[in-house]
Amino acid sequence: LLANVNKWSFNVFVLDWFTNGHSFPYLVTHLFHTYNFIRTFKLDALKLYRTIRLVELGYCKTNPYHNSLHAADVVQAIHCNLLEENIYPHMTSLEMMAAILSAACHDLDHPGVNQNFLTSSSHYLVSLYNGVSVLENHHWKGTISILHESQVFQHLPSHQWKRLTYLIEILILATDISKQQEILRKFKVDLTDKHVHSHRHKQTIVQIALKCADICNPCRSWKVSRKWSQLICEEFFRQGDREKDLNLPLTTAYDRTQSTTAKIQTAGFMSFIVEPLFIEWDKFSPSHRSKQMLLNLRCNRVKWAEIEKKENEEVDGSIRRQSNTTLVS
Ligand SMILES: [Zn+2]
């Protein structure tokens, strides 16, 4: 299975099944070996494995979506994105390792609800981070704590440690969807220069590579993509349930009695968030893989629209039947 890790068709659900729910440590350890990080940075293999397990345990198992399986999927996706021929040769080992670690830790200790919920429920994290990128700040700080505690990088020269932690910070913070337009604008300006030269230019590219990896579910094959959609929507519906229980303002789309997975999928996330990002990615790094991502996205969108249309027809039909019954009686 891990021999297919470079392919976009890689199915992390299958790996998770074969590893008894531990795809995350298998995949991350495999990539640390593949990229030769252990030898390059003289890492203690045992300390490294413990660190990876600590990160895995830092993900909440009961979240339907934001758990270590999503993290494993994002790690595999950023690995594919960074393999593109106009990126990989320009990356240093430290930058590659920062990218893989950021993908692995980008949703660490995710509470399974969004920032709006944390705000309306007066969660302590909101005041801790002044209401700005609350979750992303929490994931980043948690990551640095684990790396400190595990001492896996304690022997690195200070300039390397500084660069590693700086990259992890800017990469994880860039996963805040509300920052997408800002980063995409910077990326479009950088697109005029196709060569990956400066630190700043490379950082924007890797930020975009991680953002693409984080929201790549609609760009996978229908079978895999549909499964992710069901999982994220279940997490949304659970938030809706909690909003009702706690008498908080109800997010309409998250109300399981009114909404459906198909409704959420066709509401605009694919067209207004995912597609613009992947179009720019394809412009920057056109490849068989980037074309496949866009093709999958467009096919999946049509499939969800068909499902939603059928659902609406069924609802219309049952309303008509009900009103006919009322008229007859
Ligand atoms: Zn994520």
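Please read these numbers as outputs of a predicted model, since none were measured by experiment.

**What to know about the domain arrangement of the chain**
No. 1: Domain boundaries in the chain define domain 1 (1-214) and domain 2 (216-329).
No. 2: A straight line from the C-alpha centre of domain 1 to that of domain 2 covers 26 Å.
No. 3: In this complex, domain 1 contributes 45 residues to the contact, which on the side of domain 2 involves 34 residues.
No. 4: Counting the surface lost from both domain 1 and domain 2, the interface buries some 3,600 Å², and carbon and sulfur atoms represent 63% of this.

**Regarding the UniProt feature "binding site: AMP" (unreviewed entry) in the chain**
No. 1: The residues that UniProt annotates with the feature "binding site: AMP" (unreviewed entry) are H66, N67, S68, L69, H70, D107, D214 and Q265. Look at the named residues: they lie 200 residues apart in sequence, and the longest C-alpha span between them is 22.6 Å, so in the fold they stay spread out. Among the residues just listed, H66, H70, D107, D214 and Q265 line the largest pocket.
No. 2: Position of N67 among the secondary structure elements: in the loop between α4 (45-57) and α5 (68-82).
No. 3: Owing to a relative accessible area of 12%, N67 belongs among the buried residues under this scheme.
No. 4: Those residues within four positions of N67 in sequence are excluded, and the remaining contacts are Y59 and C60.
No. 5: A polar side-chain atom of N67 sits 3.2 Å from the main-chain carbonyl oxygen of P64.
No. 6: Mapped onto the secondary structure, L69 falls in helix α5.
No. 7: Not counting chain neighbours up to four residues away, the residues in contact with L69 comprise V12, F13, D16, S23 and W228.

Parameters at a glance
Residues numbered from 1 in each chain as written. Predicted model: local features only at pLDDT ≥ 70, side-chain atom pairs only at ≥ 80, totals over all residues. Heavy atoms only, no water. Domains from an automatic or database assignment. Contact = heavy atoms within 4.5 Å. Buried area = accessible area lost by both parts, 1.4 Å probe. UniProt positions renumbered as here; feature names shortened; annotations may be inferred. 1 Å grid on protein atoms, 1.4 Å probe; cavity = no way out; pocket = protein on both sides within 12 Å on 5 of 7 lines; lining within 4 Å. Helix = DSSP H or I, 4+ residues; strand = E, 2+ residues; numbered from the N terminus. Buried < 20%, exposed > 50% of the residue type's maximum accessible area, 1.4 Å probe, protein only. Polar contact = N/O pair within 3.5 Å; in protein donor to acceptor, adjacent residues only side chain to side chain.

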